[in-house]
Amino acid sequence: GSGRAFVEPQPKGVIGNIVPWNFPFDLSVGPLIEMLAAGNRVVIKPSEYTPACAELLRAMIHATFDRDRVDVAVGGLELARAFTSVRWDHLLYTGSPAIGREIAKAAAEQLVPVTLELGGKCPAILTEDSVDAESIKQVLATKSIKNGQMCISVDYCLVPRERLEDFAALASAYARESMPSYCGSSSCTGIISGRHLDRIQGLLEDARARGCDVRALEEAGDPDPSTRQLPISLVIDPPEDLALMQEEIFGPILPVKAYDTLDEAVDHVNAGERPLALYVFAKDDDVARDVLRRTTSGGACVNSAAVHGALPSLPFGGIGQSGSGR
């Protein structure tokens, strides 16, 4: 006689998807497509910070799917707590490491498997030959997406010490020529809430109080509390114990930290938690590959930033504190 051994894929069952406020459609409908393609049923929980998007999403989903195939649960903190204690067949959470830890604990009580897409301080390392207009354009264009409120935004830059002023001058020129009057325009996404606005302004005030060199890339008065728009600000070579060097910024502040050798830049990245993404700007492919080989991150790009998150052919996720699963 003879036998056969093979793998038979099966749907997991009913999946919960906890969606963050910064991508209310991408991160609800995007994963939904894959969950349904694998044969599952899905319940989506949008963020309470985006109530209008949540209502629209619910209307769209109800118009498209039977309620027992896909549903949308809209609510606040109580719903969020209840949602994580359900015995899902799998749970996806996208958001901060602090909440991700709480969700992992709640899921563990029910032995629910989780995919956690978290954040972290995503660095951009610019090598000596790449502190140029094109690299700075890539960094600032990425930072301006949702005004820094994106998990794979450039959180901070590592730049050769003798090129710090070149970086600042190029950033200023790019802002002047390609982003005139950015802060008050419809291109400048407002900070999501008053609380988050206070946090971002607090980080800048803390930096100024410590005597840091803080440079806004355009003149702007106090933000309008209804639009909460802020300009992008550089913080030149801040000390490591500053709050904005310790926590994920998630807003329009770009610390530019000096390094003396590339080894020192790599050591700096490796001394922190593993980031969701890492960006290397280098003209020499071997140098870029060496940096990627010696660092660990969920994703990475060479001579660009964040584009890996938009490629459907690539899996997406973090490692360590920046997440688990893809």
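Whatever comes next refers back to the structure up there.
Criteria and cut-off values
Every chain's residues receive numbers from 1 upward, in the order its sequence appears when written. It should be noted that, the model being predicted, local features are given only for residues of pLDDT at least 70 and side-chain atom pairs only at 80 or more, the latter also being counted only at that level, while totals for whole chains, interfaces and linings use all residues. Hydrogen atoms and water are omitted, and side-chain values are computed over all heavy atoms in the structure. By the criteria applied, helices consist of DSSP H or I runs no shorter than four residues and strands consist of E runs no shorter than two, each listed in order from the N terminus. Each radius of gyration reported is based on C-alpha atoms, and the globular scaling rule is 2.2 Å times the count of residues to the power 0.38. Residues are treated as being in contact if the distance between any of their heavy atoms lies within 4.5 Å. Under the convention used here, a 1.4 Å probe and the Shrake-Rupley method define accessible areas, while residue burial counts only the protein chains that appear. Between Lys or Arg on one side and Asp or Glu on the other, a salt bridge is scored when a side-chain nitrogen of the former is within 4 Å of a carboxyl oxygen of the latter. Exposed residues in this analysis have more than 50% of their type's maximum accessible area, buried residues have under 20%, and partly exposed residues fall in between, with area computed by a 1.4 Å probe over protein chains only. What qualifies as a polar contact is a pair of N or O atoms within 3.5 Å, subject to a donor-acceptor requirement within protein and to the restriction that residues adjacent in sequence count only when both atoms come from side chains.

A. Broad picture of the overall build of the protein. Scanning the protein from N- to C-terminus turns up 10 helices and 13 strands. Here the C-alpha radius of gyration of the protein, 21 Å, is about what a compact globule of 326 residues would show, namely 20 Å. Its C-alpha atoms give the protein principal-axis dimensions of roughly 70 × 60 × 35 Å. Residue pairs in contact within the protein that sit at least 24 positions apart in sequence constitute 69% of those at least 6 positions apart. Carbon and sulfur atoms form 53% of the exposed surface of the protein, whose accessible area is close to 15,900 Å².

B. Molecular detail of the pattern of salt bridges. With the rule as written, the count across this model stands at 20 salt bridges. Across the salt bridge formed by D71 and R67, the nearest N and O atoms sit 3.1 Å from each other. On the basis of relative accessibility, which here comes to 18%, the residue D71 falls in the buried class. Across the pair D286 and R289 runs a salt bridge whose closest N-O atoms are separated by 3.0 Å. Residue D286 and its partner R289 are located together in helix α10 (residues 285-294), separated by three residues, close to a single helical turn. Exposure remark for D286: the relative accessible area of 51% places this residue in the exposed category. A relative accessible area of 51% means that R289 is categorised as exposed.

C. Looking closely at the side chain of S28. For S28, the location among the structural elements is in helix α1 (residues 26-37). Side-chain polar atoms of S28 contact the backbone oxygen of P24, separated by 2.7 Å. At 3.1 Å, the side chain of S28 forms a polar contact with the backbone oxygen of F25. Non-local contacts of S28, meaning those with residues more than four positions away in its chain, are made with N17, V19, F23, I44 and L57.

Shape descriptors only; they carry no functional weight alone.
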